[in-house]
Amino acid sequence: MLKKQDEHFFSEIRHILIQARQKAYSTANFIMVEAYWQVGKLIVEQEQHGEKRADYGSYLLRQLAVELSNEFGKSFDERELRRIRQFYIVFSIRDTLRPELSWSHYRLLIRIPESDKRNYYLNEAANCAWSSRTMERQINSLFYDRLISTQNREAVLKEMQDNTKAAETRNEEIVKNPYIFEFLGLNTNSGFREKELEDALINHLQKFLLEMGKGFAFVARQQHIRTETSDFFIDLVFYNYILKCFVIIDLKTDKLAHQDVGQLDMYVRMYDDLKRTENDNPTIGILLCTETDSSIVRYSVLNESKQLFASKYLAYLPKEEDLRKLIEQNRYWWEQQKKENNEKV
């Protein structure tokens, strides 16, 4: 606890560090954005030199994706290069770029065909320090369309202000933005979102499933999955070679919300789309939540797979009660350890 006379001293140091973080975040992001703009420019110019631009463009991006992925990682696949190319086409005037915005922002902006709408979101996001998630929420809620079509602008603006996050929120994104990690050549699975309880639970879950002897093989931990507009990290991924399907686990150490159940269903569908092969059976999801009076364990399976789940899967999957006991035992152990450590201090 700081003494009262030291509070101003602490406040000044805190302000310096927050400003430094903001500068580091903005600098890293804008260096990346500028680099992608230059890459997009070169791609467009090279395509224009081809005799058959459509065929040549496809060939060029395909070959470029192979070369760049081999040296700089999978973030430079053909789909991402198309985005980078589109980025330059939409923002061909370099001075229109706002240094406050990240590549995640620009990936959203290039999907907006109307220039007036796109420029509005660009300037609002930069001036109000919107995170990319806040921008996405405003775009999906048709904020701009409602604003220009309503006579009650104050109500719409108030809704926007209520829904946007404080500027400080985005200052932290440098430590969890997968694009920054990849651009700097760092590992996106570097554990930035781990908490003590979560980490302990994942360790024990991994060991528990592998020791069940029912066909579980470990695939990944904190697996990075990328969609058109978002990035997700799945806590644990297994493959069951008896059932011939992936089993994904999502762990919640805070209070379970309704959208968490929907998110796991989305993970299952997304995994089926991105990872499942024609020889694999449908993916299964397991949702585990620790922050309730009674720990929650819930299986997630798509509607079209429920009969297969009931007739075949259940015989090889852990019972919900066994998983619930494992969670409660680990939570109790963790709380006891925390209590003992506090008593030693």
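This text follows the structure it describes.
Now for a look at the structure at hand. Bear in mind that the values here come from a model prediction, so they are computed numbers and not experimental data.

Here's the deal with the overall build of the protein
Okay, so step 1: A tally of helices and strands in the protein yields 14 helices and 5 strands.
Okay, so step 2: Within the structure as shown, the protein displays about 20,000 Å² of accessible surface, and the carbon and sulfur contribution to it stands at 50%.

Focus: the nonpolar core
Okay, so step 1: Among the nonpolar cores identified, the biggest contains 36 residues, and Phe-87, Tyr-106, Leu-109 and Tyr-121 are the most heavily contacted of them.
Okay, so step 2: Other than its neighbours up to four places away in sequence, Tyr-121 contacts Leu-109, Ile-112, Trp-130, Met-135, Gln-138, Ile-139, Leu-142, Phe-143 and Tyr-144.
Okay, so step 3: With 24 residues, the next largest nonpolar core counts Ile-202, Leu-209, Ile-249 and Leu-288 among its residues.

A look at the environment of Arg-111
Okay, so step 1: Positionally, Arg-111 belongs in the loop between helix H4 (103–109) and helix H5 (115–128).
Okay, so step 2: On the basis of relative accessibility, which here comes to 53%, the residue Arg-111 falls in the exposed class.
Okay, so step 3: Considered as a pair, Arg-111 and Val-90 are 21 residues apart in the sequence and their alpha carbons are 9.4 Å apart.

Quick look at unusual backbone geometry
With the exception of glycine, most residues fall at negative phi, and the peptide bonds are largely trans.
Okay, so step 1: Positive phi outside glycine occurs at Gln-222, with the angle close to 55 degrees.
Okay, so step 2: Its place among the elements puts Gln-222 in strand S1 (residues 216–226).
Okay, so step 3: Here the phi dihedral of Lys-244 falls at roughly 55 degrees; this positive angle occurs in a residue that is not glycine.
Okay, so step 4: Mapped onto the fold, Lys-244 is located in the loop between strand S2 (231–240) and strand S3 (245–252).
Okay, so step 5: Of the residues examined, Lys-244 reaches a relative accessible area of 43% and is grouped as partly exposed.

Remarks on H5
Okay, so step 1: The end-to-end C-alpha distance of H5 is 20 Å, a good match for the 20 Å that 14 residues give at a rise of 1.5 Å each.
Okay, so step 2: Looking at H5, one finds that the buried residues are Lys-117, Arg-118, Tyr-120, Tyr-121, Leu-122, Glu-124, Ala-125 and Ala-126.
Okay, so step 3: Looking one or two residues beyond H5, the residue adopting positive phi is Ala-129, at roughly 60 degrees.

Section: a nonpolar patch on the surface
Okay, so step 1: Nonpolar side chains collect at one region of the surface, where Phe-9, Ile-13 and Leu-17 lie side by side and expose about 310 Å² of accessible area between them.
Okay, so step 2: Relative to the elements of secondary structure, Leu-17 occurs in helix H1 (residues 7–48).
Okay, so step 3: Taking relative accessible area as the criterion, Leu-17 reaches 52% and is therefore assigned exposed.

Quick word on the sheet that holds S3
Okay, so step 1: Spatially, 5 strands are ordered S1-S2-S3-S4-S5 in an open sheet, and the strand pairing comes out mixed. Looking at which strands have only one partner, the edges of the open sheet turn out to be S1 and strand S5 (296–300). Pairwise comparison of adjacent strand axes, ignoring direction, gives a mean angle of 25 degrees for this sheet.

About the thresholds
Residues numbered from 1 in each chain as written. Predicted model: local features only at pLDDT ≥ 70, side-chain atom pairs only at ≥ 80, totals over all residues. Heavy atoms only, no water. Helix = DSSP H or I, 4+ residues; strand = E, 2+ residues; numbered from the N terminus. Areas by Shrake-Rupley, 256 points an atom, 1.4 Å probe, with all protein chains shown as cover. Core = buried A, V, L, I, M, F, W, Y, C linked by side-chain atoms within 4.5 Å. Buried < 20%, exposed > 50% of the residue type's maximum accessible area, 1.4 Å probe, protein only. Contact = heavy atoms within 4.5 Å. Expected span 1.5 Å × (residues − 1). Patch = residues over 30% accessible without salt bridge, like charges linked within 9 Å, V, L, I, M, F, W, Y side chains within 5 Å. Salt bridge = Lys/Arg side-chain N within 4 Å of Asp/Glu carboxyl O. Pairing = 2+ DSSP bridges. Axes fitted to C-alpha atoms, helices over the stretch in contact; angles between N-to-C directions.

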